[in-house]
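Architecture and fold: a report
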Amino acid sequence: MDSVYQRAYEALMHVEVEQKAQAVFALLEDWREQRLSLEPTEVVAIVQPGRPDRPELVSPKLLKARGLGSHEGRASLLHSIAHIEFNAVNLALDAVYRFQQMPADFIDDWLKVASEEAYHFQLLREQLAGYGYDYGDFPAHNGLWETTHETAFDVLARMALVPRTLEARGLDVTPDMMKKLRAVGETRAVEILHILLRDEVGHVAVGSKWFNWLCQQRGLDRFDTFKMLIDTHLKGGLKPPFNLEARRQAGFSEVELAWLMSLSANASNKALSN
């Protein structure tokens, strides 16, 4: 019987994007049908997951913004989101493979997340094709994957800094992107982002679930621990705007939401003073 951890590693290292997606779908099915064991495997450092030669990975500073008034501009936006979804697949697989000490429910949660992220990627790639583009046609940055190196030492840090911080950012910015795409008549793109937003609430909630579980296991205060990890690892801290209702649905506590509101108020006061 194959090990779920070995299969997660193999899916993580697939290079071709559609092959990776199909490997994820098969992995989730085999896991749910109890065709995989919990036999541990050696955990190795992964500098880069399996990925195609393109897109070219560059510094975020070199990525130029394009207006949504053209097919190229709209394709560029959706390409950047597709790149995030592709990385999110790899991040979910890495969580399963790397943190083999976690309960079986952790595996179930993150394989489901990986499957949904792969589906999101497919939706976005199909939309890109409608514009005459494919994944890899625009440059991208590697910041989301690089967070795995910063959090490989501890599953608690991973849950705090990836789903509850970087992926939660999607909850904040997606509604505005939907509004702008709707304004230029991109109905299908808006429908796709609606699916992404709905599912991402659940993905961040998975991060909240396991972050809270780990804090309880270790006797840590959830808010103090989250804030400490943000202050330690996130340069510049969290910045508004914040989608408070979506974050509430995704498991953020009222104490955390009050803190985010105070960050928004401070940012507004600073802007007025300037």
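All of the points below concern the structure found in this document.

What counts, and where the lines are drawn
- Residues numbered from 1 in each chain as written.
- Predicted model: local features only at pLDDT ≥ 70, side-chain atom pairs only at ≥ 80, totals over all residues.
- Heavy atoms only, no water.
- Helix = DSSP H or I, 4+ residues; strand = E, 2+ residues; numbered from the N terminus.
- Buried < 20%, exposed > 50% of the residue type's maximum accessible area, 1.4 Å probe, protein only.
- Contact = heavy atoms within 4.5 Å.
- Areas by Shrake-Rupley, 256 points an atom, 1.4 Å probe, with all protein chains shown as cover.
- Arc of directions from axis to C-beta.
- Expected span 1.5 Å × (residues − 1).
- Salt bridge = Lys/Arg side-chain N within 4 Å of Asp/Glu carboxyl O.
- Core = buried A, V, L, I, M, F, W, Y, C linked by side-chain atoms within 4.5 Å.
- Polar contact = N/O pair within 3.5 Å; in protein donor to acceptor, adjacent residues only side chain to side chain.
- 1 Å grid on protein atoms, 1.4 Å probe; cavity = no way out; pocket = protein on both sides within 12 Å on 5 of 7 lines; lining within 4 Å.
- Points joined across faces, edges and corners; volume = space filled by probe spheres on them.
- Nonpolar A, V, L, I, M, F, W, Y, C, P; charged D, E, K, R; others polar.
- Phe/Tyr/Trp six-rings, centres within 6.5 Å; stacked < 30°, edge-to-face > 60°.

The next point concerns the overall build of the protein chain. Within the protein chain one finds 10 helices and 0 strands. Reading the secondary structure of the protein chain in the N-to-C direction produces α-α-α-α-α-α-α-α-α-α. Across its three principal axes, the protein chain shows a C-alpha extent of roughly 60 × 50 × 30 Å. In the protein chain, which comprises 274 residues, the proportion classed as buried is 50%. At a minimum sequence separation of 6, the contacts of the protein chain that also span at least 24 residues come to 80%. Of the roughly 13,100 Å² that the protein chain leaves accessible, carbon and sulfur atoms contribute 53%.

Turning to helix H5 (residues 143–151), a few remarks are in order. All of the buried residues in H5 are Leu144, Trp145, Thr147, Thr148 and Thr151. Buried residues of H5, viewed axially, fall in a sector of 140 degrees; they line one side.

Bringing helix H4 (residues 104–130) into the picture now. Note: α-helices contain 3.6 residues per turn, so residues at a spacing of three or four share the same orientation. With 27 residues, H4 should cover 39 Å at 1.5 Å per step; its first-to-last C-alpha distance of 40 Å lies within 8% of that length. Just downstream of H4, glycine 132 is the residue with a positive phi angle, here 90 degrees.

To continue, consider the pattern of salt bridges. Pairing of side chains with opposite charge becomes possible as their charged atoms draw close. Counted under the stated rule, the structure contains 22 salt bridges. Across the salt bridge formed by arginine 218 and aspartate 154, the nearest N and O atoms sit 2.8 Å from each other. Within this pair, whereas arginine 218 is found in helix H7 (residues 187–218), its partner aspartate 154 is found in the loop between H5 and helix H6 (155–183), the two being separated by 64 residues in sequence. Note on arginine 218: relative accessible area 39%, which makes it partly exposed. Each of Asp2, Arg7, Glu29, Asp30 and Arg35 takes part in salt bridges that share partners, so that together they form one network.

With 83 residues, the main nonpolar core has Leu93, Phe106, Trp110 and Leu111 as its most contacted residues. Excluding residues within four positions of it along the chain, leucine 93 makes contact with Ala8, Ala11, Leu12, Val24, Leu27, Leu111 and Ala114.

A few words now on the side chain of histidine 203. Residue placement: histidine 203 occurs in helix H7. By relative accessible area, histidine 203 is classed as buried at 2%. A distance of 2.6 Å separates polar atoms of two side chains, one belonging to histidine 203 and the other to glutamate 116. For histidine 203, the contacting residues outside a window of four places in its chain are Trp110, Val113, Glu116, Glu117, His120, Pro163 and Glu167.

Once that is clear, we can look at the environment of leucine 196. Structurally, leucine 196 is set in helix H7. Residue leucine 196 is classed as buried on the basis of its relative accessible area, which comes to 5%. Expressed as a C-alpha distance, the spacing of leucine 196 and histidine 233, which sit 37 residues apart in the sequence, is 26 Å. Those residues in contact with leucine 196 that lie beyond four places of it in its chain are Ile81, Glu85, His120 and Leu124.

Moving on, we get to empty space enclosed by the protein. Going through the model one piece at a time under the given rule, you end up with 3 cavities of 30 Å³ or more. Forming the walls of the largest cavity are Leu91, Ala92, Ala95, Trp110, Arg158, Met159, Val162, Pro163 and Glu167. Of all the secondary structure elements, the ones that give two or more residues to the lining of the largest cavity are helix H3 (71–98) and H6. A per-class count over the lining of the largest cavity returns 7 nonpolar, no polar and 2 charged.

Per the stated rule, a full pass over the model turns up 12 aromatic pairs. When the ring of tyrosine 133 is compared with that of phenylalanine 138, the centres are 5.1 Å apart and the planes differ by 35 degrees; the resulting orientation is tilted. An angle of 70 degrees between the planes, with centres 5.3 Å apart, marks the rings of tryptophan 210 and tryptophan 213 as edge-to-face. Of this pair, tryptophan 210 and tryptophan 213 both sit in helix H7, 3 residues apart, roughly one helical turn. On the basis of relative accessible area, tryptophan 210 is assigned to the buried category, the value being 3%. Judged by relative accessible area, which is 30%, tryptophan 213 ranks as partly exposed.

Attention shifts here to the layout of surface pockets. The calculated volume of the largest pocket comes to roughly 1,500 Å³. Forming the walls of the largest pocket are 49 residues, and the residues nearest its centre are Ser80, Ile84, His141, Arg169 and Val173. Within the residue set of the lining of the largest pocket, elements represented by two or more residues are H3, H5, H6 and H7. The biggest single contributor to the lining of the largest pocket is H6, with 12 residues. In terms of residue class, the lining of the largest pocket is made up of 23 nonpolar, 14 polar and 12 charged.

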